[in-house]
Amino acid sequence: MKKRAELIWIVLVVFTIFAYFLGQFDFVNTLMVGILLMTTFIKGELITDYFMSLKNVKLKYRMIPTIWLAAVMSSIAVAYYLPTQ
């Protein structure tokens, strides 16, 4: 169990460093924003499942943070991809 938590923590750190370097080197385009949103969603799901210990509860309780996270990620995607005037 401890090994799994360490592996998940490493994945979270790698995704965070990836996002940091994309922003730091100004390498953000339409494709990268989509990838960043997907990695952020994955990070949220990993935190929900393993660090909040919701992996083994009923699906209806797991869906609450998942739906919230999907709504936030969708709102960010819509705001980013809307044409500017």
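From a predicted model like this one, the values you see are computed outputs, not experimental measurements.

Novice: Got a minute to help me understand helix 1 (residues 2–24) in this structure?
Specialist: The periodicity of an α-helix, 3.6 residues per turn, causes residues three or four positions apart to be oriented the same way. Here helix 1 spans 33 Å end to end across 23 residues, near enough to the 33 Å set by a 1.5 Å rise per residue. Among the residues making up helix 1, those that are buried are Ile8, Leu12 and Leu22. Where helix 1 is buried, its residues contact helix 2 (30–51). Just downstream of helix 1 lies Asp26, where phi reads positive at about 55 degrees.

Novice: Teacher, can you tell me more about the packing of helix 2 against helix 3 (residues 59–81) here?
Specialist: Relative orientation and spacing of two packed helices are given, respectively, by the angle between their axes and the distance between those axes. One can describe the packing of helix 2 onto helix 3 by two numbers: an axis separation of 10 Å at closest approach and a directional angle of 165 degrees. Between helix 2 and helix 3, the angle falls in the class roughly antiparallel. Classified by chirality, the crossing of helix 3 by helix 2 is right-handed. Residues Thr30, Val33, Gly34, Leu37, Thr40, Phe41, Gly44, Glu45, Thr48 and Asp49 of helix 2 form the contact with helix 3, whose participating residues are Arg62, Pro65, Thr66, Leu69, Ala70, Met73, Ile76, Ala77, Tyr80 and Tyr81. Among the residues making up the contact of helix 2 with helix 3, the classes are represented as eleven nonpolar, six polar and three charged.

Novice: Please explain the nonpolar core as it appears in this structure.
Specialist: Nonpolar side chains in soluble globular proteins tend to end up buried together. Val33, Leu37, Leu69, Met73 and Ala77 together form the largest nonpolar core, which totals five residues. Secondary structure elements with two or more residues in this core: helix 2 and helix 3.

Novice: Please clarify how unusual backbone geometry should be interpreted in this entry.
Specialist: For residues besides glycine, phi is generally negative; the peptide bonds are generally trans as well. Despite not being glycine, Ser53 shows a phi value in the positive range, around 60 degrees. Residue placement: Ser53 occurs in the loop between helix 2 and helix 3.

Novice: Before we go on, may I ask you to explain the side chain of Thr66 in this structure?
Specialist: Within the element layout of this structure, Thr66 appears in helix 3. Each residue touching Thr66, except ones within four places of it in the same chain, is listed here: Phe41 and Glu45.

Analysis parameters
- Residues numbered from 1 in each chain as written.
- Predicted model: local features only at pLDDT ≥ 70, side-chain atom pairs only at ≥ 80, totals over all residues.
- Heavy atoms only, no water.
- Helix = DSSP H or I, 4+ residues; strand = E, 2+ residues; numbered from the N terminus.
- Expected span 1.5 Å × (residues − 1).
- Buried < 20%, exposed > 50% of the residue type's maximum accessible area, 1.4 Å probe, protein only.
- Contact = heavy atoms within 4.5 Å.
- Axes fitted to C-alpha atoms, helices over the stretch in contact; angles between N-to-C directions.
- Parallel < 35°, antiparallel > 145°, perpendicular 65-115°, else oblique.
- Left-handed = near helix turned anticlockwise from the far one by under 90°.
- Nonpolar A, V, L, I, M, F, W, Y, C, P; charged D, E, K, R; others polar.
- Core = buried A, V, L, I, M, F, W, Y, C linked by side-chain atoms within 4.5 Å.

Treat this as a map of the structure, not an account of what it does.
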